[in-house]
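Chain by chain, the residues:
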Amino acid sequence: MFEKSALLEETKKVRGLLDRTQYPETYAALSDVFIGDETPFIIASNLMECDKPKDLPPFVIEYITALYEIEISEGNHHAMNNLGAHYYGGGRGFEQNFSKAMELYNMAAENGNRQAQENLGYCYYYGRDTEVDYEKAFHYFALGAFDGHLISLYKIGDMYRNGYYVKKNEKEAFLIYKHCIDVLHGGEDDYLISGPVRLRLGDMYVNGIGTKKNPEAALVCYSIAEIDLFRMVKDGDYMYKKSLRAAIEGQERARAQLAAELPGQEWTFDD
């Protein structure tokens, strides 16, 4: 583990290079290192939450990477997964690198990290630095779902909807998506589930997939999805830009269907 004196010396260098006016939260977090007793993992994790959605300067990213690598050398599987996730997403100043991400996910998964197993499911589902393998994707998503990970569960819903590895069953997919929403309890991270899942429900309602066509329900789902997906993109999760656009476009489709139910009327707010 980093000696305290060496950590403080490196922190001082990084803070001295930082523009305090441009990165006030990052500067404050670096200053807290001098009065706290956090581990390198906690320091790195805290810094990644600062001054969103700006990209952090390269020297800060190097510092964060070094902190995670210290923890990885000590066997911290959470550090393995987190650093892998930063390479996978490629945000906040990290260069996207699926190869490094998968290497770190595998290390973390071998050490029992359930989130890393879920993340490997994504790698195999989309073929990121590997061949698409729906059997392995289902395996890893199932591990996450059994452990209460709703992201893993809704990805299993995707597999039922598309017939990937399992027999296609759109009704089952719809029920899985509905369950994911039903078990949300107002947590601060609910939007990470709500946005993607409500987009899927909107698509199913507007097209009558796995359930009866219901443009009113579709419009509600798309509207909430837009808000939640906007928050995800604003926080730097740029891989959801296409989903955000789909939620906005979905509302127009739902409104067109609703307008068609009003013979001789137009979708207008004029008196």
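Everything below is about the structure shown above.
Residues numbered from 1 in each chain as written. Predicted model: local features only at pLDDT ≥ 70, side-chain atom pairs only at ≥ 80, totals over all residues. Heavy atoms only, no water.

A. Quick peek at the overall build of the protein chain. When helices and strands are tallied, the protein chain shows 13 helices and zero strands. Listed by position from the N terminus, the elements making up the protein chain come as α-α-α-α-α-α-α-α-α-α-α-α-α. Here the C-alpha coordinates of the protein chain stretch approximately 75 × 50 × 30 Å along the principal axes. Contacts in the protein chain between residues at least 24 apart in sequence constitute 54% of all its contacts with a sequence separation of at least 6. Carbon and sulfur atoms provide 49% of the accessible area of the protein chain, an area that totals close to 14400 Å². (Helix = DSSP H or I, 4+ residues; strand = E, 2+ residues; numbered from the N terminus. Contact = heavy atoms within 4.5 Å. Areas by Shrake-Rupley, 256 points an atom, 1.4 Å probe, with all protein chains shown as cover.)

B. Broad picture of the environment of His 77. Within the secondary structure layout, His 77 lies in helix α5 (residues 77-89). For the pair His 77 and Tyr 105, spaced 28 residues apart in sequence, the C-alpha separation works out to 8.9 Å. Ignoring any residue separated from it by four or fewer positions in sequence, one finds His 77 in contact with Ala 108, Asn 111 and Asn 113. A polar contact of 2.9 Å, which involves the side chain of His 77, links it to the side chain of Asn 113. (Polar contact = N/O pair within 3.5 Å; in protein donor to acceptor, adjacent residues only side chain to side chain.)

C. A look at the side chain of Asn 119. Position of Asn 119 relative to the elements: it lies in helix α7 (residues 114-126). Given a relative accessible area of 11%, Asn 119 falls into the buried group. Within the structure, the side chain of Asn 119 is placed 2.8 Å from the side chain of Asn 81, a separation counted as a polar contact. Not counting residues up to four positions away in its chain, the partners in contact with Asn 119 are Asn 81 and Tyr 105. (Buried < 20%, exposed > 50% of the residue type's maximum accessible area, 1.4 Å probe, protein only.)

D. Structural context of unusual backbone geometry. For the bond running from Lys 52 to Pro 53, omega is 5 degrees, close enough to zero to count as cis. By the secondary structure assignment, Pro 53 is in the loop between α3 (40-47) and α4 (58-73). Even without a glycine there, the phi angle at Asp 51 is positive, about 55 degrees. If you trace the backbone, Asp 51 turns up in the loop between α3 and α4. With phi around 65 degrees, Asp 129 is a residue other than glycine that occupies positive phi space.

E. How the structure looks around the packing of helix α6 (residues 98-110) against α7. Remark: α6 packs on α7, axes separated minimally by 8 Å, with the N-to-C direction vectors making an angle of 140 degrees. Between α6 and α7, the angle is such that the two are oblique. Like other packed secondary-structure pairs, α6 and α7 cross with a definite hand, here left-handed. For the pair formed by α6 and α7, the contact residues are Met 102, Tyr 105, Asn 106, Ala 108 and Ala 109 on the first element and Ala 116, Gln 117, Asn 119, Leu 120, Cys 123 and Tyr 124 on the second. (Axes fitted to C-alpha atoms, helices over the stretch in contact; angles between N-to-C directions. Parallel < 35°, antiparallel > 145°, perpendicular 65-115°, else oblique. Left-handed = near helix turned anticlockwise from the far one by under 90°.)

F. How the structure looks around the pattern of salt bridges. Per the stated rule, a full pass over the model turns up seven salt bridges. One salt bridge in this structure joins Glu 49 and Lys 52, with 2.9 Å as the shortest N-O distance. Looking at Lys 52, the relative accessible area reads 33%, which means it is partly exposed. The closest approach of N and O atoms between Arg 255 and Glu 252, which form a salt bridge, is 3.0 Å. Within this pair, Arg 255 and its partner Glu 252 are both found in helix α13 (residues 241-260), separated by three residues, close to a single helical turn. For Arg 255, a relative accessible area of 23% gives the class partly exposed. Overlapping salt bridges bring together Lys 155, Asp 158 and Arg 200 as one network. (Salt bridge = Lys/Arg side-chain N within 4 Å of Asp/Glu carboxyl O.)

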